[in-house]
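# Descriptive structure summary
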Amino acid sequence: MNKLKILAFGAAIAFTATALPAQQVLAETFVFTAIPDENEARLRERFDKVAAYLTKTLGVETKYIPVKSYAAAVTAFRNNQVQLGWFGGLSGVRARHLVPGSEAIAQGFEDQAFETYFIAHASTGLKPSAEFPAEIEGKTFTFGSKGSTSGRLMPEYYVRQYFKSAPNSIFTKVGFSGNHSKTIALVQSGAYQVGAVNFKVWENEIKTGKIDPAKISVVWKTPPYPDYQWTIRGDVEKRWKPGFKAKVREALLNMKDPDLLASFPRKSFIPASNSDYKPILDVAKLIDLIN
Amino acid sequence: MSSPQAPPHVLSTKVRRTYSPVVKTSLAFVGVAAVCLFFADISITTLDPWSELGRMAQGVVTPDFSVLGGIGMIIVQTIAFALCGVALGAVGGFLLAQVFHIGPVRWTCAAVRAIHELFWALIFLQMLGLTPLTGVLAIAIPYAGICAKVYAETLEEAELPALVALPYGTGVISGFFFARLPDVWVHIKNYTSYRFECGLRSSAVLGFVGLPTLGFYLETAFGEGNYSEAAALLIIFYILIATLRFWMRPKLVGLYVLVAPFLLGGGAAIEMSNITRFLTVDIVPAPLRNGSLTTSDTWSNLADWAGMLFFDQALPGMAATFLLTQIALVATGILALALFPLISKKFFGRVPRLIGHVFLVVLRSTPEFILAYIFLQLWGPSMLPAIVALSLHNGAIIGHLVGRFSDEVRLRPDSPRGLNLYGYEILPRIYGQFLAFLFYRWEVIMRETAILGILGIATLGFFVDSALADIRLDRVMFLIAIMVIFNVAVDALSRHIRSRLRLSTRTGQA
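Now for a quick tour of the structure. Please read these numbers as outputs of a predicted model, since none were measured by experiment.

Let us now look at the overall build of chain B. A tally of regular secondary structure across chain B gives 22 helices and zero strands. With respect to the principal axes defined by its C-alpha atoms, chain B has extents near 85 × 70 × 55 Å. Split into buried and exposed, the 510 residues of chain B put 57% on the buried side. Look at the contacts in chain B between residues 6 or more apart in sequence, and 80% of them connect residues 24 or more apart. A total of about 22300 Å² of accessible surface is found on chain B, and carbon and sulfur atoms cover 68% of it. Of the side-chain charges in chain B, 36 are positive and 30 negative, and the distance between the mean point of each set is 14 Å.

As structure tokens, then:
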């Protein structure tokens, strides 16, 4: 029964060894994450650059860790495994709700007035309109990720506001594509007839030629709402030094490297506060996505 | 068979055909699936899938291995998570098997294996964060539950002559190691090695929630429509699974398990406060958490909360889960019966069998959500892509097991060939085993219906996933509890049917 012993011994070691590295607290590395709203390779490239910039500017070792979902980003922030997050409107509201003392410190210039585009396959015959497109009733519809502001919260809000009823009873099918790029791909192929997508991702995919205008087009643009922002935990002051939060904010606002800004893509970063996101919080409560 | 002396009128009487219980059960399941199909939405609404499918096909023929810097490390970590998880699960399961006759142990095992590895991982993510321990436990815990059950059943069925032959006064432990265990050791070993293949798939899939295994990169590549890279990752994964028996040598297992824990990579620090908060605050139903326990309002809020979850989510979720599961189960069975000859020595020579093996490895190792996405493009959103994805994946797994089993069937020298061999010899003789595999897979298929949110099919798992996205962990736990009850019920039903039909569980390793 030697094998059994070896196996048992191995398993015991496996257990202790997996528990061990967890004990070594990563010195005082300042860690941040971002919601995975699009192309992850691009996110990594972008945020590794941001990490290098922050390390240099703050004089504190800064690291980016990628996560797989909006909820995972919020959870990592809540569990203090990251101290700074590049969140969407809804995920930011959730993060600050779960971590008392945390604060929105900066947003992209464009995030003051973000938009969701409703897009439709050409076969639906839907034309661009300034009014809410009532004809989407009875079509198949895909949101983006369940936790997305532009791909879920705001489009659901406007659908409910217009029809006075939940998306499930308005559309014949309601899917969650997972991210904005997939939403575009699914509507372009006609798998879903209509979808809701982040306008920045749409513009970007137009630029990179992934969109065939003969097959898919924007039929409606939502009114503007506040979206992405940097949110920081309140206890960073204690963990690093008093004034650390202000230093981080300053570093973010002073990010001028056009290459870095283009990777977001944002024109610049401007100050933000928790109260800027009151509209998002209200909408989230209204459609019961937050308690 | 009438005897020669039988009076002529007996021969001429129309004999009423009777079906064996096995056939009756099979027909009953097909009937249920047919009824379910009637209620299920399987409409096809396609417009022009071909450009996206064309891009995928192009990706498959032009796999791009160059961009995969550090692919070696990805594979090593995928294997390491599988090894640690399965080793812990097997040892835990082996110990639990010894006390499996105790009711609460049996129930706990049934409960833990009723939860999909992905959901275990998501639960541990809340407590432990993105740490290696999260991944290892997500595999080890459900696997311990599964192994405990299979080991216990195997030990129970052990032939007892050896035990009887032991001299009077032999201790229980000696008896166990010298008589009982040797008899079943080869089965336990085979089962555990099969479990390891499952562990590799689980490990890869854990990447979808952020652990550093193959699924992490696969999900990225696939999600971005980077199909050449996705194809390269999948091909590597196929090779890993297909060559398993060459590198997973029994002699090396101990060594592998010793080294694996050091290859899991680092992670964030584990904070006790996060674990405490999860257990004492997060999972407490919101009305209890926010209200005072002494006011009646709190309790009526709690009733509303539970009622809303049950009637708006759990009940419709269970209905969708049931429909999808029953249809996919029968489709899985039909596919498995069609696929197994591809790898059976009874039907094909070496080269066609090799092709058959490659085909089955591809089908069973491609994650269901990728299959579902491909069929979603083809047919539009409905239950159809889900049914086909689930049955291809599971049909290939059972086809593989049945194919291997059919090799052991001994034939007469004058046995028929081709279709006659299939219909009159092999099929009747493997059918019981096939059903045993299929019934084992029943609850697995049910668990897998959880991950098809992209299709907008609101199964129980879909609602769990939504609650997780909202970080409403109290709802998560409530829905998971219902999922567990549902799964355990199916498991009990499956056990009941198997024992009534006397289907052997010994090799039932699906």
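After that view, the rundown keeps rolling.
Interfaces are often sized by the accessible area lost when the parts come together. On the side of chain B, 73 residues touch chain A, which itself brings 57 residues to the contact. Both faces considered, chain A and chain B share a buried interface measuring about 5400 Å² in area, 59% of it formed by carbon and sulfur atoms. With a shortest N-O distance of 3.0 Å, Arg 472 of chain B and Asp 288 of chain A are connected by a salt bridge. At the boundary of chain A with chain B, the tally comes to 20 residue pairs in polar contact (both at pLDDT 80 or more). When residues of the side of chain A that touches chain B are traced back to their parent elements, those giving at least two are helix H1 (2-19), helix H2 (40-58), helix H3 (70-78), helix H4 (89-98), strand E7 (173-176) and helix H7 (180-188) of chain A.

Here we take up helix H10 (residues 214-223) of chain B. All names here are of chain B. Most of H10 sits inside the fold, with eight of its ten residues counted as buried. Turning to H10, its buried residues are Leu 214, Gly 215, Phe 216, Leu 218, Thr 220, Ala 221, Phe 222 and Gly 223. At the C-terminal side of H10, Gly 225 shows a positive phi close to 75°.

Each strand in a sheet pairs with its neighbour through backbone hydrogen bonds, running either in the same direction (parallel) or in the opposite one (antiparallel). Residue and element names in this part refer to chain A. Here five strands make up an open sheet; going across it, the order is E7-E6-E8-E5-E9 and the pairing mixed. Since the sheet does not close on itself, it has two edges, and those belong to E7 and strand E9 (216-221), each with one partner. Within this sheet the neighbouring strands show an average axis-to-axis angle of 30°, counted without direction. Looking at chain direction, strand E5 (residues 116-121) and strand E8 (residues 194-198) are connected through five bridges and run antiparallel. Among the inter-strand pairings, Ile 119 is bridged to a residue of E8, identified as Gly 195. Against the sheet, helix H8 (residues 199-207) engages E5, E8 and E9, with an angle of about 95° to E8.

Time to look at the pattern of salt bridges. Applying the stated criterion to the full structure yields 31 salt bridges over all chains. Between Glu 197 of chain B and Arg 201 of chain B there is a salt bridge whose closest N-O contact spans 2.8 Å. Placement of the pair is Glu 197 of chain B and Arg 201 of chain B together in helix H9 (residues 172-206), with a separation of four residues, close to one helical turn. As a salt-bridge pair, Arg 472 of chain B and Asp 470 of chain B come within 3.4 Å of each other at their nearest N and O atoms. Residue class for Asp 470 of chain B comes out buried when judged on its relative accessible area of 12%. One continuous salt-bridge network, built from bridges that share partners, spans Arg 94 and Asp 288 of chain A together with Asp 470, Arg 472 and Arg 475 of chain B.

To continue, consider the nonpolar core. Phe 30, Phe 47 and Trp 230 of chain A together with Phe 196 of chain B are the most contacted members of the largest nonpolar core, which totals 255 residues. It is helix H4 (residues 71-98) of chain B that contributes the most residues to this core, 15 residues altogether. The residues contacting Phe 30 of chain A, other than those within four sequence positions of it, are Leu 58, Val 60, Glu 61, Thr 62, Lys 63, Gln 83, Leu 84, Ile 232, Val 236, Trp 240, Phe 244 and Val 248 of chain A. In terms of nonpolar packing, the next biggest core, distinct from the first, is built from five residues, Ala 286, Leu 302, Trp 305 and Leu 309 of chain B among them.

Rules of the game
- Residues numbered from 1 in each chain as written.
- Chains lettered and ligands numbered in written order.
- Predicted model: local features only at pLDDT ≥ 70, side-chain atom pairs only at ≥ 80, totals over all residues.
- Heavy atoms only, no water.
- Helix = DSSP H or I, 4+ residues; strand = E, 2+ residues; numbered from the N terminus.
- Buried < 20%, exposed > 50% of the residue type's maximum accessible area, 1.4 Å probe, protein only.
- Contact = heavy atoms within 4.5 Å.
- Areas by Shrake-Rupley, 256 points an atom, 1.4 Å probe, with all protein chains shown as cover.
- Lys, Arg positive; Asp, Glu negative; His and termini not counted.
- Charge placed at Lys NZ, Arg CZ, Asp CG, Glu CD.
- Buried area = accessible area lost by both parts, 1.4 Å probe.
- Salt bridge = Lys/Arg side-chain N within 4 Å of Asp/Glu carboxyl O.
- Polar contact = N/O pair within 3.5 Å; in protein donor to acceptor, adjacent residues only side chain to side chain.
- Pairing = 2+ DSSP bridges.
- Axes fitted to C-alpha atoms, helices over the stretch in contact; angles between N-to-C directions.
- Core = buried A, V, L, I, M, F, W, Y, C linked by side-chain atoms within 4.5 Å.

Functional significance is not addressed by these values, which are geometric in nature.
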